[in-house]
Every structure is written in C-alpha cells, then in structure tokens.
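# Commentary on secondary and tertiary structure
Below, each chain spelled out in residue letters.
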Amino acid sequence: MSDKKLRSYEWFGKNDKMGFVHRSWLRNQGYPNDYFSGRPVIGICNTWSELTPCNGHLRDFAEIVKRGVIEAGGFPLEFPVTSLGETIMKPTTMLFRNLAAMDTEESIRANPLDGIVLLTGCDKTTPSTLMGACSVDLPTIVVPGGPMLNGRFRGECLGSGSFNWLHKEMQTVENYTEEDIREVEIGVARSAGHCMTMGTASTMACMVEALGLTLPGAAAIPAVDSRKKVMAQLSGRRIVEMVREDLKLSKILTREAFENAIKVNAAIGGSTNFVIHLTAIAHRIGLDLNLEAFDTLGSQIPLLVNLKPSGKYLMEEFYYAGGLPVVIKELAPVLHNDALTVNGSSIGDNSGKAQCYNEEVITPFATPLQEKAGIVVLKGNLCENGAIIKPSAATPALLQHRGKAVVFESIEDYHSRIDAPELEVDENSVLVLKGVGPVGYPGMPEVGNVDLPEKLLRKGIRDLVRISDGRMSGTAAGTVVLHVSPESAVGGTLAMVQNGDIIELDVPARRLHLDISEAELTRRKAAWTPPAPRATRGYVKMYIDHVEQADRGADLDFLKGGSGAEVSRDLH
Ligand code: FES
C-alpha cells in the first residue's frame, strides 16, 4: 500500500506546514522518521480506568497489543475513552453508554488512525466502543479483556453477581454475619478481569467473537491466563494486516453475522442486555434489526452452555472445555458458516477443528441442556412495542400466569414499601415496577429483577413474576419481564397499571396483557400526566430528549448510522 492510500497520510505524509506540525509534536515522544512514512497507524482505544475494576489490567494489555502492531510494521498510538464501571457509576452505566460511544466515534474520526483495536471488558465498554467504531467504519478488531478466575468461598465456587441476588436472603434467612459477607466480597473477586458468570460482560465478549470481530477463541480466555496476552499480541499483528487488506467493520458486520450472534447468544444462555446492545450496534452499521428477530432466530435454539445464571459452571470451565469455537461448531447446521471474520477466514473454518473437552459444560447440539433457550419477545396491550423475557432463567411454572398487580411507581417507592408488613402480596402476585426505562430513570438501570418481599422469602418463595421497563443484570435470574416498550414515563400502558389489576403472562403465546376494558384503559390514558423530566441541563438533558425506546436499542436518535472516516474540514 502506498503512503497515500493510508488515511494517516493526510496528517503525516505531507511536506507542508501542517505535515510538519502533525509530526513534530508527536516526535516529542521519541518516534524515528520511518514511523511517519507508510506505517499504518493503529489506534488502541483503551477503556482502562481504576474506576472500572473489570478493566484494570487493560493498561498493561495495551503494551502487549503494541508489541504486535510494531512487529507487523504498524505505528501504535493508544488513546483513552470514557470508561464505564458497572458496579461503581451512579445512577447507571447505561445512561452513559451512548456518551462513551460518541467519545469513541469522534476520537477515532478526528485522529490520524488507519485501524482500531478496541480494548474492552466490563459490560458497557464493549457495546459503547463498538457502536462508536461502527459509525466511523475503519478496520477494527476487538480484544476482550477476559473474565476473572472463578470465585471461591469456603470450598465452594461462587459466580460474580450471583451472591448479590442472594444477599438479602443470606442476611435474613441464613443469618450471614458482616464478617461472612466481607469474606465473600474478596472471594468473588480473586483476579483481574470481568464477571465470570455468563453475565453481560461475558455475553458481550461472546457476541463480538460470534460477530467475527475477535481472533477465534478470544472471548473465554481468563484475563490472567498467559494465552490472553498471546491473543492480544496476535491481534496487534493482525490489525496491521487488516488495514493493508482494507477489511473494514462493514465487510464483517453483515446481516448474516448478526443472525449468527443471535443464535450463539441463545446457545450460551447470554444476557438479556444482548438484545438492546446488538440492536444499537446494528443500527450504527446501517442494518435494521428489529426486536422480533431475536425471537424468530433465537428462541428455538437449544441451550448448550452450562454456565450461571442459567446453569452451573463459570467462564473458567467454559474456556477449559473449549470455549466459544466449540459452540459455533455445534451450531454449524443453523449458522451462516461462511460469514467473514477479522482473521480473514470464515467463522465455519475458524471453528471446524474445535474440540470439546467437557460435555457437561458444553453439550452437543443433539443432547442440549434445554431444547429452547433464546430470548422470547412478548407483545400485548401492556407492551405495544414489545418486551422480553429469558425463559431459561425463569421458573417454568410461572411462564403462564395470571395474577394481581402489586404496583410500585418508582424504585424508591419499591424500597420504601416492599417489606412493609401490610403490603398485600402473595406467591401469585405480579410485581410491577414503573419509572425505570430509558427516559424515566433516566438510563434504564438493571433493577428489573427486584428482590422478593422478606415475608415471602421466609415462606420459601424464591420467584415471582416481575414486570418493568428496566433491564436486568446478566448475572440475575427469575421470571422477569423486561424492556417494556413504550416505557411508563412516556405514557406506555405500563404507566396505567393500578394495584389489583389482573395481568396475564403467557410466554408460549408471546403475550403480556393487562386485563382491563378498552374503555377503562382509554379513560386512564386521558387522565395521565407525564412526570417532570429528571434533568434540565447537560448530557442527561440531551439523553432524555433524544433517547429511543428499548426495542430500538436505546441509542440517541441522531447517532444512528455513521458519518464514515472523512473529516470535512482541516486543521489550519
Ligand atoms: Fe464489570 Fe460485571 S461488573 S463485568
């Protein structure tokens, strides 16, 4: 490739005043002449932050990627983008996913970059950076940071997140002391890396591998395994070749790639957050992926991976059993096997030789853990634009259920009343939580799987039907209807539900119904007034004004699609 074909030539290749300026200031870091003449410039987009614990090792990983870039004749330049620490940021990282995507997009476009390596880990750091990269559409490879080692507590394996959902139960029923809890805290966070259940971070890593955006087998390698470093170095080498081959994101992210990802997500028992993120990514690359596709393509796919929260094991076992290439090979009869990946080979060729080393962790397609595992899309007067449920994580007996609504107008209302002795709630009740959608909260937090009332926990009840316009952590389970659209804050039917109304959930029939008359519903809608907006200035105001509903991926309306890699005006 001649210098002029590189995008970075426009910065470094010219002998005029600005060419001098672009090169000279960078040279304060000690780069020799030849770095500016024909080497592809590789941007290493790093989501490292001490405030994002799951990505704490990525600063070192960037150096390993750079080794590979330099070996292949490239010029690596690392840059930071907004990082999103799931367990730290308030009110929710989802509020800032689109901000991080904007940051990534503009950082890539404005700089002299020919190819991109995305260093990702914690939940939102993968979709946000990928959304931004899609809107520029340069050759891009993802290096997923990898999961933590398995949690260990008193001789038992413990998955990240899983204890969170037992916390209340452990304190109220099992009488765990403060000391016990402290011991669990460190026991479930034993090493660098992200959550090691099949939560959202692991799901996102598998998603990018299934889309063809990582080297084969990258998703499951634990963060502290030396093979993760090898993968990072090889990714650095490969991105330089991808620039020379002009292998852009849009050549890999075809409709077939998205369909593959949906099927793989079903087989691994992936997080419900997958739906909202994949939809947003598809819209950035110019594909119209609708909610129904997740059901029609995914819901009939069997569950092959026995990982928490749907199953028993954790990401370490998944890796030792052969990781995602085994799943892709098992799914070969239903996948688009010729879909292209970043290494230049098809997904079918990459996984053709994969071997399963533990069929209890990854089962054969013919003898799955469950016959049908994917996410189901519900429709009905309670969710005109749709809602989702993950049946593999639900209680089978509750998948067809009629019950009286116990309504909470906000998450604060829920916390103040859920354990009140006078609360009328029993095992047939349906907990309804409003005000936790994209506009209403704002930012659509992971609160859909609210804890059960203490008095029911003491009776041994472990699940209730729960319905909200929010999301659920990928590490959580239960009969939880999520992403109700339109949300309550914009006047969706959810806003009209009152205590004691009968709600009917029928998962096999894909139905979610509020059992009141049309006339009554019309009357309630006419009397409804929208809540006051939660912000009047800054990014949050812009978010509230422009965020789309969950079924459209909750991106900002003006960010869909892309603007390419062109910069229309120069620096003078
Ligand atoms: Fe970062 Fe779970 S909190 S991946």
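Notes on the structure follow.

### Side note on unusual backbone geometry
Proline 309 follows lysine 308 through a cis peptide bond whose omega is 10°. Residue placement: proline 309 occurs in the loop between helix H13 (291-298) and helix H14 (315-320). Note that the residue after serine 485, namely proline 486, is joined by a cis bond; omega there is 0°. Examined against the element boundaries, proline 486 turns out to sit in the loop between strand E12 (480-485) and strand E13 (502-506). Residue methionine 444 is not a glycine yet carries a positive backbone phi of 55°. Relative to the assigned elements, methionine 444 resides in the loop between strand E10 (430-433) and helix H18 (454-458).

### Quick notes on the sheet that holds strand E2 (residues 75-80)
Spatially, four strands are ordered E2-E1-E3-E4 in an open sheet, and the strand pairing comes out parallel. Of all strands in the sheet, those bounded by a partner on one side alone are E2 and strand E4 (140-144). Going across the sheet, the axis of each strand differs from the next one's by a mean of 20°, ignoring polarity. Where strand E1 (residues 41-46) meets strand E3 (residues 115-120), five bridges bridge the pair, whose relative direction is parallel. By the bridge assignment for E3, asparagine 46 is matched with leucine 119.

### Some details on the pairing of E2
Within a regular strand, side chains alternate between the sheet's two faces. One ladder, built from six bridges, connects E1 with E2; its direction is parallel. For valine 41, the partnering residue across the bridge sits in E2 and is phenylalanine 75. For the crossover that starts at E1, traverses helix H3 (residues 58-71) and ends in the parallel E2, the hand is right-handed.

### Quick look at the environment of valine 425
One can find valine 425 in the loop between helix H17 (411-417) and E10. Judged by its relative accessible area of 11%, valine 425 falls in the buried class. Considering only alpha carbons, one finds valine 425 and serine 392, 33 residues apart in sequence, at a separation of 25 Å. Those residues in contact with valine 425, other than ones at most four positions away along the chain, are Val406, Leu431, Pro453, Lys455, Leu456 and Leu464.

### So, the pattern of salt bridges
Under the counting rule described, the total for this entry stands at 37 salt bridges. Linking aspartate 246 and lysine 251 is a salt bridge whose minimum nitrogen-to-oxygen distance equals 3.8 Å. Classification of aspartate 246 by relative accessible area gives partly exposed; the value is 34%. One salt bridge in this structure joins glutamate 427 and lysine 459, with 3.7 Å as the shortest N-O distance. Separated by 32 residues along the polypeptide, glutamate 427 in the loop between H17 and E10 and lysine 459 in the loop between H18 and strand E11 (465-468) bring together distant segments of the chain. Residues participating in the shared-partner salt-bridge network are Glu105, Glu106, Arg109, Arg284 and Asp555.

Cut-off values and rules
Residues numbered from 1 in each chain as written. Predicted model: local features only at pLDDT ≥ 70, side-chain atom pairs only at ≥ 80, totals over all residues. Heavy atoms only, no water. Helix = DSSP H or I, 4+ residues; strand = E, 2+ residues; numbered from the N terminus. Pairing = 2+ DSSP bridges. Axes fitted to C-alpha atoms, helices over the stretch in contact; angles between N-to-C directions. Right-handed = clockwise from strand over helix to strand, strands pointing away. Buried < 20%, exposed > 50% of the residue type's maximum accessible area, 1.4 Å probe, protein only. Contact = heavy atoms within 4.5 Å. Salt bridge = Lys/Arg side-chain N within 4 Å of Asp/Glu carboxyl O.

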